[in-house]
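# Architecture and fold: a report
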Amino acid sequence: MPHNPYSRLFAIPGATAFTLGNLVARLPMGMFSVSAVIMISGARGSYALAGAVTATGLAATAVVAPWTARLVDRHGQARVAVPATLVAALGSLSLVLCVRYGAPDWTLFASYAATATTPNTGGMSRARWAQLLKGDARAVHTANSFEQAADELCFMLGPVLAAFLCGTFFPQAGTLIGVVLLVTGVLVFAAQRATEPPPHDRRDPTDTSAATKSLLRARGMPALLIGFLATGAVFGSLEVVTIAYADGQGHKAAAGVVLALQAAGSCAAGLVYGAAKPRGSLGRRHVLCAAAMAAVMTLPLLAVASTGSLIVLSVALLCAGMATAPTMVTAMTLVQRRTPEGRLNEGMTLAVTGLLGGIACGAACGGWAVEHLGTAAGYGVPVAAACCALLLSSAQACATSTRARLRRRRPAPPHVSSAV
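This report concerns the structure included in the present document. (Residues numbered from 1 in each chain as written. Predicted model: local features only at pLDDT ≥ 70, side-chain atom pairs only at ≥ 80, totals over all residues. Heavy atoms only, no water.)

### A short note on the packing of aromatic side chains
Remark: the centre distance and the inter-plane angle together describe each pair of aromatic rings, the angle taken between the planes. Which entries qualify depends on this criterion: Pairing of aromatic rings covers Phe, Tyr and the six-membered ring of Trp, with a centre-to-centre limit of 6.5 Å; geometry is then stacked below 30 degrees between planes, edge-to-face above 60, and tilted otherwise. What counts as a helix is a DSSP run of H or I of at least four residues, what counts as a strand is a run of E of at least two, and both are numbered from the N terminus. When accessible area is computed with a 1.4 Å probe and restricted to protein chains, residues below 20% of their type maximum are described as buried, those above 50% as exposed, and intermediate ones as partly exposed. Should the NZ of a Lys or the CZ of an Arg lie within 6 Å of a ring centre and within 35 degrees of the ring normal, that charge is described as sitting over the ring.
Applying the stated criterion across every chain, the model contains 7 aromatic pairs. Summarising the aromatic geometry, the rings of phenylalanine 10 and tryptophan 129 are spaced 5.7 Å apart at their centres and angled 85° between planes, so their arrangement reads as edge-to-face. Of the two residues, phenylalanine 10 is situated in helix α1 (residues 5-10) and tryptophan 129 in helix α7 (residues 121-132); the sequence distance between them amounts to 119 residues. When the ring of tyrosine 245 is compared with that of tyrosine 379, the centres are 6.4 Å apart and the planes differ by 70°; the resulting orientation is edge-to-face. Of this pair, tyrosine 245 sits in helix α10 (residues 221-248) while tyrosine 379 sits in the loop between α17 (375-378) and α18 (380-409), and the two are 134 residues apart along the sequence. By relative accessible area, which is 0% here, tyrosine 379 ends up buried. By the ring-pair criterion, three or more aromatic residues cluster together here, those being Tyr6, Phe10, Phe18, Trp129, Phe146 and Phe189. The ring centre of tryptophan 67 lies 4.8 Å from the NZ or CZ of arginine 70, which sits over that ring.

### As for a nonpolar patch on the surface
As a reminder, the rule being used: In this analysis, a patch consists of residues with relative accessible area above 30% that form no salt bridge, clustered at 9 Å for like charges and at 5 Å for the nonpolar side chains Val, Leu, Ile, Met, Phe, Trp and Tyr. In these tables, accessible area is a Shrake-Rupley quantity obtained with a 1.4 Å probe, and a residue counts as shielded only by the protein chains included in the view. Salt bridges are identified by distance alone: a Lys or Arg side-chain nitrogen within 4 Å of an Asp or Glu carboxyl oxygen.
Among the surface-exposed residues, Phe164, Phe169 and Phe170 lie close enough to one another that they form a single nonpolar patch of about 340 Å² accessible area. Mapped onto the fold, phenylalanine 164 is located in helix α8 (residues 137-168).

### Observations regarding the nonpolar core
What counts is decided by this rule: In these notes, a set of buried Ala, Val, Leu, Ile, Met, Phe, Trp, Tyr and Cys residues joined through side-chain atoms within 4.5 Å is what counts as a nonpolar core. The contact criterion used is simple: two residues touch if any of their non-hydrogen atoms lie within 4.5 Å.
Residues Phe228, Met297, Leu313, Val335 and Tyr379 are the most contacted members of the largest nonpolar core, which totals 44 residues. For this core, the secondary structure elements donating two or more residues are α7, α10, α11 (255-275), α12 (282-296), α14 (310-321), α15 (324-338), α16 (344-373) and α18. Among the elements that take part in this core, α10 stands out by supplying 12 residues, more than any other. Once residues lying within four places of it in the same chain are set aside, the contact partners of leucine 313 are Tyr245, Pro300, Ala303, Val304 and Tyr379. By size, the runner-up hydrophobic cluster in this structure holds 36 residues, among which are Ala15, Ile40, Val53 and Ala89.

Here it is as structure tokens:
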């Protein structure tokens, strides 16, 4: 086997094929919302309507995505992901037609809400790695790091590609190309049946995971999901405040490039972190990564407060992004550890739902801070959110350590002699 940990991953038969299909399917995730805003605002002349439509889609996804993931776990990835993707594709096409032919506003909300059936392609890919690498903690760490870097890359390139297509060709081009990429990628991914995890029907009476009816009641999961909420608030507030700051400096068009640097830093750090040999317990690594994220999130605030230079801010965001990927990697690995067997897609989709909810809350808080306190003070919101994530991870690590000590101190049951 090759020494490069990433080469070892893709030496597994079928791994390259399902990864390529998944990357193609994942790229539109960063395209659809930007394309919808450009398309709706251009046709209806209202950014408020465009924002409300995309927010409705996000809310619908938060409700529908865990149910879709539960069906994936129960019936298999190919049997559920393909029809769910086709329903989402029809929703996007309906949105294009409604905008193009001037349908009532409520049809835009209904069409975009239908896209909530889009399966969590990143979660399905992580589930395949977990199945293929079962028992190899270091390889799972490398695979999770690669998947996080892929997420950052897709969310970095997706908005740029959407803006280019909508601006160069016609406003509907971004959505239409996104639909083609999504359907093609999911079909290629689902066709790789050899690497697909087996379905896990919880109606089986021998299934021990059926005892946990809701993952929200699984040990350690509520704190983890709240941590994802806080981490998402870091991302959402950072995006809104940076756009507002660049606009205030007269360089609104440069905001995308500045945010892309932050995603690039996260992508690079994720790959480096995946190649490193993990040391210490997973809970301790999570606390250290969260502490690093809280520390580096002060850099954009310091850059704006001390220099006011967009170039210095770009460098600060590049450095700040380097702590987010390791934090996400360790958090996702904790989710995998604490999710009952056969419910991995559902567990990771709940984590993504928490992340999306945090992004929405962070964007709202960041926008309020910019409007009432100024753009420089707005960078205090991601700092506060990162500190909340650190406190949650620290409290969770302390609770886990306390439970472990209590188990070790618990006296052994008395030995009963069998002598007569």
